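Read off the chains here:
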Amino acid sequence: MTPILDQLRDMTVVVADTGEVEAVKAHAPVDCTTNPSLVLGALKDPASEALVAREIEAGQKAGLSPEAVCDALTVAVGTELAALVPGRVSTEVDACLSFDTDGSVARARNIIADYAARGVNKDRILIKLASTWEGIRAAEVLQDEGIDCNLTLLFSLAQAVACADAGAFLISPFVGRITDWYKKAEGVETYAPDQDPGVKSVRRIYAYYKANDIDTVVMGASFRSTEQIKALAGCDRLTIAPKLLDQLGSETGSLPRALSPDSAGEVAKIAMDEKTFRWEMNSDAMATEKLAEGIRNFDADHKKLIALIGDRMG
């Protein structure tokens, strides 16, 4: 029998949700991603030790701060990953800039310039931005400059509509974190895949995009189980952690297609401006809480990464 992972790849682009070199080599995804949490993992990954040591030594010789070395290391990890995948590497703008449009644009330009200096063209990179109103506006500016963006920490249709209106290349709706919130709020231990709030959220966004001929790529993210992944088979892309990739690779059986542009049906276009966006977000406790929590956690990991680099620099 054909492994579930191979069947999934026939209908969906599989992305590795990891910054660890060995995991990317093992799973051969089309794209891969980095964020502060994943770079922290790479910092502790023996396979990346030489790269980390090299970047820290170069930073010390250049008199760089730990923050600047952190920036350089993030791009260095992304550069190594870009050599392993045929597609894109997503690289995150600092979470502390999530409410700063100009700051996010400037940081994104610096990331692209750093990649270019290492021989990686901008068409191999996706700039990751939090799906705040300010982050979405930054994406709009960057997309106009030919810099493709991945809008992350996305939990609501309002965010998805605003991202599409801004011409974002790709969005990453977070399945598992939505499910986590509803499990706690509703006192539920588990959901059937078709009733899973995280799965339903991505299906709704996918249907809206396909029904309205929106080119923005939908990439489901933040999975807690293979059942969630299988319930979104056929989605444009899915970014999956190595542990779940292993499980899908060892599982056999039939994988029916769950999402298809042909089955999207008719969904009315939604008008979205800043006032509507902020009201819709304020009305959605889950989306508001998970967005804020995600920004805080990414920022905490970024600070942790800087501190670890500072310790290594002595």
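Here the structure is a predicted model, which means the values were calculated and not measured.

Asker: Got a sec to walk through the overall build of the protein chain? Specific residues and values, please.
Answerer: When you go through the protein chain residue by residue, the secondary structure sums to 14 helices and 8 strands. Since a compact globule built from 314 residues should have a radius of gyration of about 20 Å, the 19 Å found for the protein chain is in line with a globular shape. In terms of overall dimensions, the protein chain has C-alpha extents of about 60 × 50 × 40 Å along its principal axes. Taken across its 314 residues, the protein chain has 55% of its residues classed as buried. Within the protein chain, counting contacts between residues at least 6 apart in sequence, those at least 24 apart form 67% of the total.

Asker: Go over the pattern of salt bridges with me, naming the residues and quoting the values.
Answerer: Under the counting rule described, the total for this entry stands at 21 salt bridges. The salt bridge partner of Arg 312 is Glu 49, with a shortest N-O separation of 3.0 Å. With a gap of 263 residues between them, Arg 312 in helix H14 (residues 285-313) and Glu 49 in helix H4 (residues 49-61) connect regions that are remote in the sequence. Given the relative accessible area of 39%, Arg 312 is considered partly exposed. Each of Asp 71, Asp 94 and Arg 107 takes part in one network of salt bridges that share partners.

Asker: Outline the nonpolar core, listing residues and values.
Answerer: Core analysis: the biggest nonpolar cluster contains 96 residues, and Leu 8, Ile 127, Leu 129, Leu 151, Ile 171, Tyr 209 and Ile 240 have the highest contact counts within it. The element that contributes the greatest number of residues to this core is H14, accounting for 9 residues. Excluding its chain neighbours within four sequence positions, the residues that come into contact with Leu 129 are Val 93, Ser 104, Gly 135, Ala 138, Ala 139, Leu 142, Cys 149, Asn 150, Leu 151 and Thr 152. Val 15, Leu 126, Leu 170 and Val 217 belong to the second largest nonpolar core, which has 5 residues in total.

Asker: Talk me through the sheet that holds strand E2 (residues 31-33); I want residue IDs and the actual numbers.
Answerer: Reading around the circumference, E1-E2-E3-E4-E5-E6-E7-E8 is the order of the 8 strands in this closed barrel, with parallel pairing throughout. When the angles between neighbouring strand axes are averaged without regard to direction, this sheet yields 30°. Bridging between strand E7 (residues 217-220) and strand E8 (residues 237-240) involves 2 bridges; their strand directions are parallel. Bridge assignment links Met 219 to a residue of E8, and that residue is Arg 237.

Criteria and cut-off values
Residues numbered from 1 in each chain as written. Predicted model: local features only at pLDDT ≥ 70, side-chain atom pairs only at ≥ 80, totals over all residues. Heavy atoms only, no water. Helix = DSSP H or I, 4+ residues; strand = E, 2+ residues; numbered from the N terminus. Rg over C-alpha atoms; globule rule 2.2 N^0.38 Å. Buried < 20%, exposed > 50% of the residue type's maximum accessible area, 1.4 Å probe, protein only. Contact = heavy atoms within 4.5 Å. Salt bridge = Lys/Arg side-chain N within 4 Å of Asp/Glu carboxyl O. Core = buried A, V, L, I, M, F, W, Y, C linked by side-chain atoms within 4.5 Å. Pairing = 2+ DSSP bridges. Axes fitted to C-alpha atoms, helices over the stretch in contact; angles between N-to-C directions.

These values are about where atoms sit, not about what they do.
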